[in-house]
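A closer look at the structure
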Amino acid sequence: MSNESVYLVLLAGEDNQEDNLKLIQFAQNNFKSQPIKAVVLAQNSQDMVAVYDGIGLGELDFLTYAQFTKINVQQTAATISTFLAGQEHGFVLFNNDIGTSSIAKQVAAKLHEPLVTDIEKIVTADDSYSLEKRIYGGELLKHIAVPTSGQTLMTCEAGNSAVPAKSSESTPVNEHVLSDVVPSDNTTYQPFEQVVDALVDAKVVVAGGKGMQGPEGFQLLQDLASQLHGSLGATRVAVEAGWVEADKMIGQTGKVVKPDVYIAAGISGALQHTVGMDQSKFIIAINNDPNAEIFKLADLGIVGDAEEVVKQLISVLKEPVAS
């Protein structure tokens, strides 16, 4: 195994503190035999030392400069790159939020080192590591082999890690007060408020496929979804036929939904669609083919013409259910 240090890149600030601590624990869980160091970018180290001291790091480097601001991507990336270029390092780990990922990409380009994104776990082999990440909307697991020696940058999904416990053993601290930081530029990002996606975040999804026959059938599904305080979804076939908007598509090339209730009307159950909805808590399938694949996933199956069954459901409900 390589003895090169694993470096963690941490951006100071109260909003980042918990994510930074979880990244430290993620590294400690996945790198048992290599020294783990952290480089922290901040305006000053006065309040930050106490946060990261005594949690098992081999060394703590603070890069401090008055102009530091997380939202300046190029400035921050240049500072990190200059520091890492002067250190013997193996893996360099970043958090996986939007802004930090943008910084990681620029650091990788400046250092001419590979970058692997969205890593959830690192498995040790004899002469390589296997990096695990989710693909196809999180439904499949991909393994990427990288050598144990050399440099690799990665962004990590550390959200499920615990916060490391404090100990009485202090961490060596180095502060690098920088005065030659590149000037501010126009390449910035702003932290986004979480956007609620009406389909992805819906508790009830009413989705239709080829069996809905046309746009009139999808209007029925929209009426049903409205009565259930839910959102309308569709298969790729229905979207490509022009029956419903593209942002309603669920599946491998669309959105992944995990509602409490998923109503699949006129949907055959092809894998391309089901990878986007098979984690729903309760699935109701309506199809006139009793052998349709969708019934294998369904908790409740209704064999019949999808349009007629939906009309009956709307008639029975009459008024919107309590939210």
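Overview of the structure.

Basis of the calculations
- Residues numbered from 1 in each chain as written.
- Predicted model: local features only at pLDDT ≥ 70, side-chain atom pairs only at ≥ 80, totals over all residues.
- Heavy atoms only, no water.
- Helix = DSSP H or I, 4+ residues; strand = E, 2+ residues; numbered from the N terminus.
- Rg over C-alpha atoms; globule rule 2.2 N^0.38 Å.
- Buried < 20%, exposed > 50% of the residue type's maximum accessible area, 1.4 Å probe, protein only.
- Contact = heavy atoms within 4.5 Å.
- 1 Å grid on protein atoms, 1.4 Å probe; cavity = no way out; pocket = protein on both sides within 12 Å on 5 of 7 lines; lining within 4 Å.
- Points joined across faces, edges and corners; volume = space filled by probe spheres on them.
- Nonpolar A, V, L, I, M, F, W, Y, C, P; charged D, E, K, R; others polar.
- Axes fitted to C-alpha atoms, helices over the stretch in contact; angles between N-to-C directions.
- Parallel < 35°, antiparallel > 145°, perpendicular 65-115°, else oblique.
- Left-handed = near helix turned anticlockwise from the far one by under 90°.
- Core = buried A, V, L, I, M, F, W, Y, C linked by side-chain atoms within 4.5 Å.
- Salt bridge = Lys/Arg side-chain N within 4 Å of Asp/Glu carboxyl O.

This next bit is on the overall build of the chain. Counting its secondary structure elements, the chain contains eight helices and 14 strands. By the compact-globule yardstick of 20 Å for 323 residues, the chain is too spread out, its C-alpha radius of gyration being 25 Å. Across its three principal axes, the chain shows a C-alpha extent of roughly 70 × 45 × 40 Å. Considering the chain as a whole, with its 323 residues, one finds that 47% of them fall into the buried category. In the chain, 64% of the contacts between residues at least 6 apart in sequence involve partners at least 24 apart.

Moving on to empty space enclosed by the protein. Using the criterion set out here, one finds one cavity of 30 Å³ or more in the structure. Volume-wise, the largest cavity comes out at about 70 Å³. Lining the largest cavity are 10 residues; nearest its centre among them are Asn16, Asn20, Asn95, Asp97 and Thr100. Elements with a contribution of two residues or more to the lining of the largest cavity: strand 1 (5-11) and helix 1 (14-30). For the lining of the largest cavity, the residue count by class is three nonpolar, four polar and three charged.

This next bit is on the packing of helix 3 (residues 73-85) against helix 4 (residues 98-111). Put simply, helix 3 and helix 4 touch, their axes get as near as 9 Å, and they point 45° apart. Our classification of the angle between helix 3 and helix 4 gives oblique. Note on packing geometry: the crossing formed by helix 3 with helix 4 is right-handed. Residues Val73, Gln74, Thr76, Ala77, Ala78, Ile80, Ser81, Leu84 and Ala85 of helix 3 form the contact with helix 4, whose participating residues are Ser102, Ile103, Gln106, Val107, Lys110 and Leu111.

This paragraph deals with the nonpolar core. Among the nonpolar cores identified, the biggest contains 32 residues, and Leu8, Phe31, Tyr52 and Leu93 are the most heavily contacted of them. Looking at this core, the element that brings in the most residues is helix 1, giving five residues. Residue contacts for Leu93: discarding those within four places in its chain leaves Val6, Tyr7, Leu8, Val9, Leu23, Phe26, Ala27, Phe31, Met154 and Cys156. Residues Val204, Leu228, Ala238 and Ile284 belong to the second largest nonpolar core, which totals 23 residues.

A word on the environment of Ala285. Summarising the element assignment, Ala285 is placed in strand 13 (residues 282-287). Sequence spacing of Ala285 and Val206 is 79 residues, and the spatial spacing of their C-alpha atoms is 10 Å. Discounting chain neighbours no more than four positions away, the residues touching Ala285 are Ala264, Ile294, Phe295, Ala298, Leu300, Gly301 and Ile302.

With that settled, the discussion passes to the pattern of salt bridges. If the charged atoms of two oppositely charged side chains come close together, the side chains can form a pair. For the structure shown, the criterion picks out six salt bridges. A salt bridge links Glu240 to Arg236, with the shortest nitrogen-to-oxygen separation between them at 2.8 Å. With Glu240 and Arg236 both in helix 6 (residues 236-240) and four residues apart, this pair spans about one turn of that helix. Relative accessible area serves as the criterion here: at 37%, Arg236 is assigned to the partly exposed category. Here Lys311 ties to Glu308 by a salt bridge, and the two come within 3.8 Å at their closest N and O atoms. On the criterion of helical spacing, the pair formed by Lys311 and Glu308 is a turn pair, its members being three residues apart in helix 8 (residues 306-317). Judged by relative accessible area, which is 38%, Lys311 ranks as partly exposed.

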